[in-house]
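# Survey of secondary and tertiary structure
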Amino acid sequence: MKAPIRASIPIRFEHQVHFTRGVFEPANPLLKDILKAGTTMPVADVLVAVDENVVASRPNLARSIQRYFAAHRSDCRLVCPPLLAAGGETVKNTSDAVNGIYSAIDRYGMCRHSYVIAIGGGALLDAIGFAAATAHRGMRHVRIPTTVLSQNDAGVGIKNGVNVFGKKNFVGTFSPPVAVINDFDMLTSLPDREKRAGYIEAIKVALIRDGNFFERIEADAERLRRFEPDAVEDLIYRCAEAHVRHIATSGDPFEMGSARPLDFGHWAAHKLEQLSNFRIHHGEAVAIGIALDVIYSHLAGFLAEEAAERILRLIEELGFDLWAPELDEEEGDGEPAVLLGLEEFREHLGGTLAVTLLKDIGAGFEVHEMDRALIKQAMKRLADRGRRKTTGS
Ligand SMILES: NC(=O)c1ccc[n+]([C@@H]2O[C@H](COP(=O)([O-])OP(=O)(O)OC[C@H]3O[C@@H](n4cnc5c(N)ncnc54)[C@H](O)[C@@H]3O)[C@@H](O)[C@H]2O)c1
Ligand SMILES: [Zn+2]
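We now turn to the structure provided with this report.

The rules behind the values
- Along every chain, residues carry numbers that run from 1 in the direction the sequence is written.
- By the order in which they are written, chains take letters starting at A while ligands take numbers starting at 1.
- In view of the model being predicted, local features appear only for residues whose pLDDT reaches at least 70, and side-chain atom pairs are presented and counted only at 80 or more, with totals across whole chains, interfaces and linings using the full set of residues.
- Side-chain numbers come from the whole structure's heavy atoms, not from hydrogens or water.
- We call a residue near a molecule or strand as soon as one heavy atom of that residue lies within 4 Å of the molecule or strand.
- Here a polar contact means two N or O atoms within 3.5 Å. Within protein one must be a hydrogen donor candidate and the other an acceptor candidate, and residues neighboring in sequence count only if both atoms are side-chain atoms.
- Methods summary: accessible areas were calculated by the Shrake-Rupley approach with a probe of 1.4 Å, and residue burial reflects only the protein chains presented.
- Numbered from the N terminus, helices here are DSSP runs of H or I no shorter than four residues, and strands are runs of E no shorter than two.
- Gly is put with the polar residues, along with every residue not named as nonpolar or charged; the nonpolar set is Ala, Val, Leu, Ile, Met, Phe, Trp, Tyr, Cys and Pro, and the charged set is Asp, Glu, Lys and Arg.
- Two rings from Phe, Tyr or Trp (for Trp, the six-membered ring) form a pair when their centres are within 6.5 Å of each other. A pair whose planes differ by under 30 degrees is stacked, one over 60 is edge-to-face, and the rest are tilted.
- For every residue, the accessible area (1.4 Å probe, protein chains only) is compared with the maximum for its type, and the residue is labelled buried under 20%, exposed over 50%, or partly exposed between those bounds.
- Cysteine sulfur pairs qualify as disulfides if the two atoms are within 2.5 Å.

### A look at the site of ligand 1
Neighbouring ligand 1 are 26 residues; Asp51, Asn53, Thr146, Thr147 and Lys168 lie closest to it. At 2.9 Å, a backbone N or O of Ala123 approaches an oxygen atom of ligand 1. Here Asp126 contributes a side-chain N or O atom positioned 2.8 Å from a nitrogen atom of ligand 1. About the coverage of ligand 1: the protein hides 89% of its 870 Å² of free accessible area. Every element with two or more residues in the shell around ligand 1 is listed here: helix 2 (52–57), helix 6 (122–134) and helix 7 (148–154). In terms of residues, the shell around ligand 1 owes the most to one element, helix 7, which gives 4 residues. Partitioned by chemical class, the residues of the shell around ligand 1 number 7 nonpolar, 11 polar and 8 charged.

Written out as structure tokens, the structure is:
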């Protein structure tokens, strides 16, 4: 028998997240400099896909993009006017947007050295990023996130994906973009509901990693409630930084192992989004998922009651509901439907369950099983709290 051939293949990625305003003001060189530096083409070919809800609320955006590329024609070239794609989870639930990108790449003869730029919320970035990562086995990609959640979490990571078989992110890749550009001006058109949804990912990283950050969010709670830009921008920056640091230093950027600390609260959240037919948005579902795992952490004896109460209070103070009617849904066997989320989470991780719980504010740790009876008890507490809030008693 011949000896096996082995080789190690070192790969290094530079990951850059920029912060700016007016990214498509012709005088702002950031985007064209990034495009120029990241390709071997003398003039970079660029396809732009935009979230249609962003365009609807910023009617001049498509024209500004075209003007920007016209002003920088010696460095980069738009192959066609910006393509619109559905915003929100719809874009991940159908193959329309992904196929639309593939066919434009084909029609305009774009190659691996050309760029696909995605502008929109986390859902659009996930779908367009997937198309960019798979066309020609991976094209150059730039993300311009337009929601709080995508600027501080979804858009600054290196994953993409679409939903298939009713399962979130069933198909997708790990594929670091050339750059992420957070333009704070994009947030001016974002509805308050969406701004709030993004706060929860910051609370999440604070809870598992950084007690000081949690205190800062508590101190800023009133300003965040009023959506004051300075407070929102500080929260985005600190949360984005924590995500990027995690990816760069955790030792497992492509999640080959089962540990997934940044998915704290997400096993129930993904299921709730799906059970609600995406009526409950990602961030809102994560708020409930975190509340559930915080109560569970307390009931299981890991987290002190005062700490649990302090966390729940902050989440409520920022305007989140901690309960949704979908928590009452049952399977044929009478078991809560949300518990299926745990099994799907296990499948998604690759067989070994790894759920992050809390020992303290700022101190997450991992468990490999959860007690169903205790989860049900935690759900009951959430339901009591939610109903108390609804009836005002
Ligand atoms: N890839 C990852 O690592 C990762 C991480 C976390 C979450 N996600 C995914 O991100 C998605 C959630 O992202 P999201 O919270 O940004 O929501 P979203 O993309 O669904 O956007 C929310 C809504 O706001 C609209 N919108 C976006 N920007 C706007 C703007 N500036 N003005 C007006 N309207 C605007 C969108 O069209 C949509 O209707 C989920 O699919 C989730 O699974 C991915
Ligand atoms: Zn999330």
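### Overview of the packing of aromatic side chains
Enumeration over the complete set of coordinates arrives at 9 aromatic pairs. Consider the rings of Phe19 and Phe184, whose centres lie 5.8 Å apart with planes at 40 degrees: the pair is tilted. Pair noted here: Phe19 is in strand 1 (residues 17–20) and Phe184 is in the loop between strand 9 (179–183) and helix 8 (192–209), with a separation of 165 residues, a long-range link. Take Phe184: its relative accessible area is 11%, and that puts it in the buried class. Arranged with centres 5.9 Å apart and planes meeting at 80 degrees, the rings of Tyr68 and Phe69 form a pair that is edge-to-face. Tyr68 gets classed as buried once you look at its relative accessible area, which sits at 0%. The buried category is assigned to Phe69, whose relative accessible area is 3%. A network of ring pairs unites the aromatic residues Phe13, Phe174 and Phe254 as a single cluster.

### Overview of the state of the cysteines
Disulfide: a covalent bond connecting the sulfur atoms of a pair of cysteines. Counted under the stated rule, the structure contains 0 disulfides. Free cysteine: Cys80, not disulfide-bonded; nearest cysteine sulfur from Cys76 at 14 Å. No disulfide involves Cys111; its nearest neighbouring cysteine sulfur is the one of Cys76, lying 15 Å away.

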